[in-house]
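Okay, here's what each chain looks like letter by letter:
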Amino acid sequence: MCGIVGYVGPRQATAILMDGLKRMEYRGYDSAGIAVINGDGLTVRKAAGKLGVLAEELAGNAPTGRVGIGHTRWATHGAPTTPNAHPHVDRSGRIAVIHNGIIENANDLRKALVARGHEFTSQTDTEVLAHLIGEFYDGNLEEAVAAALRDVDGAYGICVISADEPDVLVAARNGSPIILGIGDDEYLVASDQSALVEHTRSVIYLDNGEMAVMTPKGYRVRSLISRRVDKPINQIEWDLETIERGGFEHFMLKEIFEQPESIENTMRGHLLEETGNVRVYGLKLDDDQVKEIKRIIITACGTSWHSGMIGKYMLEELARVPTDVEYASEFRYRNPIIDEHTLVIAISQSGETADTLAALLEAKQRGARTVGLVNVVGSTIAREVDGGLYLRCGPEIGVASTKAFTSQVAALAMVTLRFARLKEMSLLDGKRWVEALAALPGQVREILSRADEVKVLAEQFADANNALYLGRGVNFPTALEGALKLKEISYVHAEGYPAAEMKHGPIALIDDAMPVIVVAPRDAIYGKIVSNVQEVRARGGRIIAITNPGDEEISDLADATFVVPETLDLLSPILTVIPLQLFSYYVALRRGCNVDQPRNLAKSVTVE
Ligand code: F6R
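Just so it is clear, the structure is predicted and the values come from calculations on it, not from any experiment.

Caption draft 1: Region of interest: the packing of helix α10 (residues 302-319) against helix α14 (residues 403-422). At a minimum axis separation of 9 Å, α10 and α14 run at an interaxial angle of 25 degrees. Overall, the two elements α10 and α14 adopt an arrangement that is roughly parallel. Two packed elements cross with a definite hand, and for α10 against α14 that hand is right-handed. Residues Thr303, Ser304, His306, Ser307, Gly308, Ile310, Gly311, Met314, Leu315, Leu318 and Ala319 of α10 form the contact with α14, whose participating residues are Phe405, Gln408, Val409, Leu412, Ala413, Thr416, Phe419 and Ala420. Considering only residue class, the contact of α10 with α14 consists of 11 nonpolar, 8 polar and no charged.

Right, dumping it as C-alpha cells:
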C-alpha cells in the first residue's frame, strides 16, 4: 500500500525518486517524502497530502545527491501529517529509514528507547526503527540494520541510508515486498515493479528475512544472519507503456476497456478445443491429485472474494466438489478444518494482500495443497503457493479492481473445467464450455462498444445516495461486486443482495429515490427473478435491468435496460459485470470523485 523507492548510482537521486513515487502513488497517498545524501549530510524533505505537494516544495530547490530514498505513505500508525511522513531519522539525524508494513513490538521498543533517553517526533513505528538502527550503528550500516531487525517483530519492507556511508543503500524485507532493480552501475529498490521498469527490467525479489546492500560498485544479498545469499535475476515483462494510461482519462476506464485482451491473455495457451479441456500445468495437480481432492476452500478479500464466490458456483455445479469461500481475514483466525484432501485456492490481484497471504500460510501449515490465482508475477502469494495460474491481465493501477475480476473468473472457469472433465463433465459439454470461454473476449468488446448507453444511465441516476443491487445464483456475487464498485469510487451507499432475500428486510428501503440494479440474464432462474423485480416495481423502486437480448418481461418492468450477449449461465458474470463497472465509473465521474484514487483506499492492502 505504501510505496518505497531507493537509488544509488551516478545520476541525481531526487528526480529518480520522485518519478518512482509518482508511478507508485496509487498504492498509498496521504503523504510523501524523500531523503538524499547531500555532501556529507542528509537532506530530508516531506509533506502531507498528494505527491504534488512535495513536488511543489522541491521545485527550484531539490536536494542534490546520488544516493536517496523516497516513500509515499498510507497511514497505519499516526495521522497522515508531515511529521508522520517518511523518511524518519535516528537520534543523530544521519540515518534515514523508509518502511512499509507494521512493526508489532514498536510500543515496547519505543518504551525501551525512551528509557534510554531517545525522543520521538512522530507517532510512527518507523521512527522507532530508525532510532533502533541508530543505536546499533558503529560505522557499519549493514550490520546495524541486521542487528536492529533481529529485535523487530512484524512486517517490514525497508530502505535505509546513512550520511556516514554516503555510497551505501541497504534494503530488507519481511512480509512487505522489496524488489531490487539491477541497472548499469546503478541499483534501485522499490516495493513495486512500476517504479523500476523505466530504468531496468532486471530484478531480484527479496524473500522474507533477506537484506540487500548496494553501492555504485555492486550489490550483495544476505540474510539477517548470513553474509551472502545467492539470488536469481528475473526479467520484468511489463513495459512502461503498459503501465501508463494510454490515452484514457483514468486508469480504471483504460482497464475496463482492456478486458477483451486481458481475458484473452488469461486464457491464452490454456484452452483445448479438440478435447474440451484445459492445459493448466501451472496448477501442478496431476489427474490422481485432482481426484484426491475432496473439498476446496477459496480464500480472498474484496473483489477477489467476489470472484471466488462465482468459483464456488462453478466448482460445485460442474465439478461436484464441495467448495467454501472464506474472507481471508476471518479464515486465518478461526481454526479452519483442513486436511491433505483439501485444496486451498488463494485469489489475489496484487499477490501481496496481507490477509490473503496469512490465510494461505495458515492453510499450508495445516497441510492443505495450495493454488494461487494471482496477477502480479513474482509477488509473495505467487511464490508461496504450490501451484497456480497467473492472470496475465497486465498491471492494474486503478484502485477499483476491474480487469483482474474478469480474469479471475476466467481462471476459475479453467480450474473448474480441469476438475469437471475428470469427474462428471462429458466431452461435448467440455467443448461447449471451451467454445463459450473463447467467445467471451469478443462479447466483452461488443458490450464496451455500447459504453455510452451506460453513461446515459449513470447520468440519470448519479444523484441517488443509495442503491440496491440484486442478482440470483451465480449473479448474486456479480450484484455484490457491482455494489462494491459503486461505493468505493463514488461514495454512494450500495448493497448487493440475492434478489429473493430482498423481501426479508431490504425491501423496506425501496422507494422512488432508490435505484435498484437487477442482474437478470435469461438463465435457468430467470423466471424467479422476474417476480422479485415485480416486487420492487410495486413499491415504486426505479429499476435498471441487465439482461439478455430477447428479454421482454423484465424490460417491461424496468425503467432502463442494458442487454449483454448470451453465454453459458455460469460464465455470465464476466459479461454482466461490465455494465456495472462502467456504471460506477460514470456515476463517480459525474459526482466529481477521484476515480483512480478514491479516498481512504489503497491498491494493495499489505496490512492486516
Ligand atoms: C476493490 C478492490 C479490493 C481488492 C482487495 C483484494 O475494487 O480492489 O477489494 O479486491 O483488496 O486485493 P487483491 O486482489 O490484490 O488481493
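Caption draft 2: Geometry of the side chain of Ser307. When you line up the elements, Ser307 lands in helix α10. Side-chain polar atoms of Ser307 contact the backbone oxygen of Ser304, separated by 2.8 Å. Ignoring any residue separated from it by four or fewer positions in sequence, one finds Ser307 in contact with Ile347, Phe405, Gln408, Val409 and Leu412.

Caption draft 3: Examining the site of the ligand more closely. Residues in contact with the ligand amount to 14 residues; listed here are only the nearest, Ser304, Ser348, Ser350, Thr353 and Glu488. Considering the ligand on its own, with 410 Å² of exposed area, one finds that the protein chains cover 90% of that surface. Elements represented by at least two residues in the shell around the ligand include exactly α10 and α17 (475-490). For the shell around the ligand, a count of residues per class yields 4 nonpolar, 8 polar and 2 charged. Mapped onto the domain boundaries, the shell around the ligand takes at least three residues apiece from domain 2 (244-448) and domain 3 (450-597).

Caption draft 4: The sheet that holds strand β11 (residues 202-205), seen in detail. In space, the 8 strands of this open sheet follow the order β3-β2-β4-β1-β10-β9-β11-β14, with antiparallel pairing throughout. Whereas interior strands pair on both sides, the edge strands pair on one side only; in this sheet they are β3 (41-48) and β14 (234-235). Direction of pairing for strand β9 (residues 179-182) relative to β11: antiparallel, over a ladder of 3 bridges. Looking at the pairing, Leu180 lines up with Ile204 of β11. Helix α2 (residues 51-58) contacts β2 (31-38), β3 and β4 (67-73) of the sheet and is inclined by roughly 135 degrees relative to β3.

Caption draft 5: Just the packing of aromatic side chains, in detail. Tallying each qualifying case throughout the model produces 4 aromatic pairs. Each ring, one from Tyr187 and one from Tyr219, has its centre 5.6 Å from the other, and the planes form 55 degrees; the classification is tilted. Highlighted residues: Tyr187 in strand β10 (residues 187-190) and Tyr219 in strand β13 (residues 218-223), separated in sequence by 32 residues. On the basis of an interplanar angle of 10 degrees and a centroid distance of 4.0 Å, the ring pair of Trp305 and Tyr327 is categorised as stacked. Taken together, the residues span a long stretch of sequence, with Trp305 in helix α10 and Tyr327 in strand β18 (residues 323-327) at a distance of 22 residues.

Caption draft 6: Fine view of unusual backbone geometry. In this structure, Pro87 follows His86 across a cis peptide bond, with omega equal to 0 degrees. Position of Pro87 relative to the elements: it lies in the loop between β4 and β5 (88-89). Here Asp185, not a glycine, exhibits a phi torsion of approximately 55 degrees, which is positive. Within the secondary structure, Asp185 is located in the loop between β9 and β10. Accessibility expressed as a relative area gives 56% for Asp185, which makes it exposed. Its identity is not glycine, yet Tyr491 carries a phi of approximately 60 degrees, on the positive side.

Caption draft 7: View of helix α18 (residues 526-538). Across its 13 residues, α18 extends 19 Å between first and last C-alpha, which sits within 8% of the 18 Å expected from 1.5 Å per residue. Within the sequence span of α18, burial applies to Tyr526, Ile529, Val530, Asn532, Val533 and Val536. Looking straight down α18, one finds its buried side chains confined to an arc of 165 degrees; they lie on one side. Exposed and oriented more than 90 degrees from the buried face of α18 are Lys528 and Ala538.

Caption draft 8: Inspection of the sheet that holds β18 at higher detail. Taken in spatial order, the 5 strands line up as β18-β17-β19-β20-β21 in an open sheet, and their pairing is parallel. Lying at the two open borders of the sheet, with one neighbouring strand each, are β18 and β21 (387-390). Strand after strand, the sheet turns through a mean of 20 degrees between neighbouring axes, direction not considered. Pairing between strand β17 (residues 295-300) and strand β19 (residues 342-348): 5 bridges, direction parallel. Bridge pairing links Arg295 to Thr342 in β19. Sitting on the sheet, helix α12 (residues 354-365) touches β17, β19 and β20 (369-374), and the angle it makes with β19 is about 165 degrees. Set on the sheet, α14 makes contact with β17, β19, β20 and β21; between it and β19 the angle comes to about 160 degrees.

Caption draft 9: Region of the structure containing the packing of helix α4 (residues 125-136) against helix α5 (residues 141-150). For the pair α4 and α5, the least separation of the axes is 8 Å and the interaxial angle reads 125 degrees. Comparing the axis directions of α4 and α5 gives the class oblique. α4 and α5 meet at a crossing whose hand is right-handed. Contact residues: α4 offers Leu129, Leu132, Ile133 and Phe136, while α5 offers Leu141, Ala144, Val145, Ala147, Ala148 and Leu149. Tallied by class, the residues present in the contact of α4 with α5 amount to 10 nonpolar, no polar and no charged.

Caption draft 10: Summary view of the domain arrangement of the protein chain. Under the domain assignment, the protein chain is made up of domain 1 (3-236), domain 2 (244-448) and domain 3 (450-597). One C-alpha centre belongs to domain 2, the other to domain 3; they are set 24 Å apart. Tallying the contact residues gives 39 residues for domain 2 and 36 residues for domain 3. Summing both partners gives a buried area of about 3,200 Å² for domain 2 against domain 3, and 73% of it is carried by carbon and sulfur. In this structure, the connection of domain 2 to domain 3 is made through 1 salt bridge. With its nearest N and O atoms 2.9 Å apart, the salt bridge here joins Arg450 to Glu446. For the pair domain 2 and domain 3, the interface holds 16 residue pairs in polar contact (both at pLDDT 80 or more). Looking at the side of domain 2 that touches domain 3, the elements that each hand over two or more residues are α7 (251-257), α8 (259-267), α10, α14 and α15 (427-448).

Definitions and cut-offs
Residues numbered from 1 in each chain as written. Predicted model: local features only at pLDDT ≥ 70, side-chain atom pairs only at ≥ 80, totals over all residues. Heavy atoms only, no water. Axes fitted to C-alpha atoms, helices over the stretch in contact; angles between N-to-C directions. Helix = DSSP H or I, 4+ residues; strand = E, 2+ residues; numbered from the N terminus. Parallel < 35°, antiparallel > 145°, perpendicular 65-115°, else oblique. Left-handed = near helix turned anticlockwise from the far one by under 90°. Contact = heavy atoms within 4.5 Å. Nonpolar A, V, L, I, M, F, W, Y, C, P; charged D, E, K, R; others polar. Polar contact = N/O pair within 3.5 Å; in protein donor to acceptor, adjacent residues only side chain to side chain. Near = heavy atom within 4 Å. Areas by Shrake-Rupley, 256 points an atom, 1.4 Å probe, with all protein chains shown as cover. Domains from an automatic or database assignment. Pairing = 2+ DSSP bridges. Phe/Tyr/Trp six-rings, centres within 6.5 Å; stacked < 30°, edge-to-face > 60°. Buried < 20%, exposed > 50% of the residue type's maximum accessible area, 1.4 Å probe, protein only. Expected span 1.5 Å × (residues − 1). Arc of directions from axis to C-beta. Buried area = accessible area lost by both parts, 1.4 Å probe. Salt bridge = Lys/Arg side-chain N within 4 Å of Asp/Glu carboxyl O.

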